[in-house]
Amino acid sequence: TCDITTSTAHVFIENFQAAKEAVFHTSVGSVEILNGTLHNPFLDLTGGLDFTGTVTGNVRLKCGIGRVAMDLQNSDKIGRFDITGSVGSMQLKRFSAESLTLDTSTGSTRLDAVNAGKAAVRASTGSMHCTDCTLQNARVVLSTGPFDFSGVLKAACVVEQSTGRVDLDIRAPQKDYYVDFENFPRSVYVNGSAITGTRSGSGSIGEETGAKHKLRIKGSM
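Residues numbered from 1 in each chain as written. Predicted model: local features only at pLDDT ≥ 70, side-chain atom pairs only at ≥ 80, totals over all residues. Heavy atoms only, no water.

A.B. asks: Before we move on, could you go through the overall build of the chain and cite the residues and values that matter?
C.D. replies: Scanning the chain for helices and strands turns up zero helices and 20 strands. Scaling as 2.2 N^0.38, a compact globule of 221 residues should have a C-alpha radius of gyration of about 17 Å, and the chain matches this with 19 Å. Once the C-alpha set of the chain is aligned to its principal axes, its extents read approximately 60 × 30 × 20 Å. When burial is assessed residue by residue, the chain has 45% of its 221 residues classed as buried. Here the analysis covers contacts within the chain between residues at least 6 apart in sequence; of these, 16% occur between residues at least 24 apart. (Helix = DSSP H or I, 4+ residues; strand = E, 2+ residues; numbered from the N terminus. Rg over C-alpha atoms; globule rule 2.2 N^0.38 Å. Buried < 20%, exposed > 50% of the residue type's maximum accessible area, 1.4 Å probe, protein only. Contact = heavy atoms within 4.5 Å.)

A.B. asks: Go over empty space enclosed by the protein, please, and point to the residues and values.
C.D. replies: Under the definition given, this model contains two cavities of 30 Å³ or more. Of the volumes computed, that of the second largest cavity is approximately 30 Å³. Every residue lining the second largest cavity is listed: A138, V140, F147, F149, L153, C157, V158, V159 and L168. Elements supplying a minimum of two residues to the lining of the second largest cavity: β12 (138-142), β13 (147-154) and β14 (156-160). Taken together, the residues of the lining of the second largest cavity sort by class into nine nonpolar, no polar and no charged. (1 Å grid on protein atoms, 1.4 Å probe; cavity = no way out; pocket = protein on both sides within 12 Å on 5 of 7 lines; lining within 4 Å. Points joined across faces, edges and corners; volume = space filled by probe spheres on them. Nonpolar A, V, L, I, M, F, W, Y, C, P; charged D, E, K, R; others polar.)

A.B. asks: Talk me through the environment of E32; I want residue IDs and the actual numbers.
C.D. replies: Looking at where E32 falls in the secondary structure, it is placed in strand β4 (residues 30-39). A sequence separation of 20 residues divides E32 from T52, and the C-alpha atoms of the two residues are 8.5 Å apart. Here the side chain of E32 touches H10 through a polar contact of 3.4 Å, side chain to side chain. (Polar contact = N/O pair within 3.5 Å; in protein donor to acceptor, adjacent residues only side chain to side chain.)

A.B. asks: I'd like a rundown of the pairing of strand β6 (residues 48-63), residues and numbers included.
C.D. replies: Examined bridge by bridge, β4 and β6 share nine bridges and lie parallel to one another. Considered in β6, the bridge of T37 is made with T54. (Pairing = 2+ DSSP bridges.)

A.B. asks: Before we move on, could you go through the packing of aromatic side chains and cite the residues and values that matter?
C.D. replies: Taken as a whole and assessed by the stated rule, the structure comprises two aromatic pairs. Measuring from ring centre to ring centre gives 4.7 Å for F81 and F95, while their planes differ by 25°; the resulting arrangement is stacked. Residue F81 is located in strand β7 (residues 67-85), and its partner F95 is located in strand β8 (residues 89-104); the two are separated by 14 residues in the primary sequence. For the pair F81 and F95, a shared accessibility class is recorded, and that class is buried. Taking 6.4 Å as the distance between ring centres and 25° as the angle between the ring planes, the aromatic pair formed by F147 and F149 counts as stacked. In this structure, R60 packs its charged tip against the face of F42, placed 4.2 Å from the ring centre. (Phe/Tyr/Trp six-rings, centres within 6.5 Å; stacked < 30°, edge-to-face > 60°. Lys NZ or Arg CZ within 6 Å of the ring centre and 35° of its normal.)

A.B. asks: A description of the nonpolar core should follow, citing residues and the corresponding values.
C.D. replies: As a rule of thumb, nonpolar side chains are buried together in soluble globular proteins. Of all hydrophobic cores here, the largest spans 57 residues; its most connected members are F24, L61 and F81. Excluding residues that lie within four positions of it along the chain, F81 makes contacts with V59, L61, L72, L92, F95, A97, S99, L100 and T101. (Core = buried A, V, L, I, M, F, W, Y, C linked by side-chain atoms within 4.5 Å.)

A.B. asks: Pulling in residues and values, what's your account of the environment of K154?
C.D. replies: Position of K154 among the secondary structure elements: in strand β13. Aside from chain neighbours lying at most four places away, what touches K154 is T134, L135, Q136, N137 and H213.

A.B. asks: Describe the environment of I4, and please don't skip the residues or the numbers.
C.D. replies: With respect to the secondary-structure elements, I4 resides in strand β1 (residues 2-6). In the structure, I4 is positioned 22 residues away from T26 in sequence and 8.2 Å away in space, judged by C-alpha atoms.

A.B. asks: Which residues make up the pattern of salt bridges, and what are the values?
C.D. replies: As enumerated under the stated definition, the model contains 10 salt bridges in all. The partner of D132 in a salt bridge is R171, with the nearest N and O atoms 2.6 Å apart. Of this pair, D132 sits in strand β11 (residues 127-136) while R171 sits in the loop between β15 (166-170) and β16 (177-182); the two residues are 39 residues apart in sequence, bridging distant segments of the chain. On the accessibility criterion, D132 (45% relative accessible area) is partly exposed. R216 serves as the salt-bridge partner of E182, at 2.5 Å between the closest nitrogen and oxygen. Residue E182 is found in strand β16, and its partner R216 is found in strand β20 (residues 213-218); the two are separated by 34 residues along the sequence. What makes R216 partly exposed here is its relative accessible area of 34%. Bridged by salt links that share partners, the residues D132, D169 and R171 form one connected network. (Salt bridge = Lys/Arg side-chain N within 4 Å of Asp/Glu carboxyl O.)

So, in C-alpha cells, the structure goes:
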C-alpha cells in the first residue's frame, strides 16, 4: 500500500508498484511517477501530477488548480474511472475502462485514445477535447465551453449542448447511425452541408430501424 502527502515539495518516484491501493494528496507541490503500477488509486490533487505507467481496479481522480498528465500505457483492467476537475488542466491518455465518469468546471480537459464501455461526461465553462476515443452508451452534458470529439460513439449516445460549440468527428460509416436533433432552430452541419430542421428545431438523418448506433443531440442557445 502507498500513502503520499506533499506540501510545497516536488516528489519523484521511479519503478514503483502499489499492489493493494495508492493514495496521493498534493497541495502546492507535485508528484512525478515514472514507470509506476497502481491498484485502486485515489488521487486528490491540488498540486500537480505527472504519471507514466499502468493502473488497475477502480480509479478516483480529483484535480484542483494544478496540472495532471497521465499516460496509462494502454491500461485495460480498469473498472470505474471517476474524475472531478476544477480550474486545473488534465491530460489523460491510453486506457480502457468499464465505465468513465467525468465532471469538470472551468479547467481544460483532454482525453486521448480512451475507450469506455459506459460514459457520463459533464462540462461547465471549461474546454474538453477528445481525440481517437471510443465511448459507448455515453451521455455528454455541456454548458458554455467548447467540446471537440474524434473517434466513435457507439450504441445509444446523447449529447446535450447549451451555449458552447460542439464538433463531432465520427470515424465510422454514416450509414451505421441514426442521428436525431432536438431544439436546434439554427442549422446543423453534417459533412459540411447544412441540415435545416423544422420550426421547432428538430430533425434527423439516417434510418432509425436497423441502425447500429443511435445518437441524440439536444441543443439550446
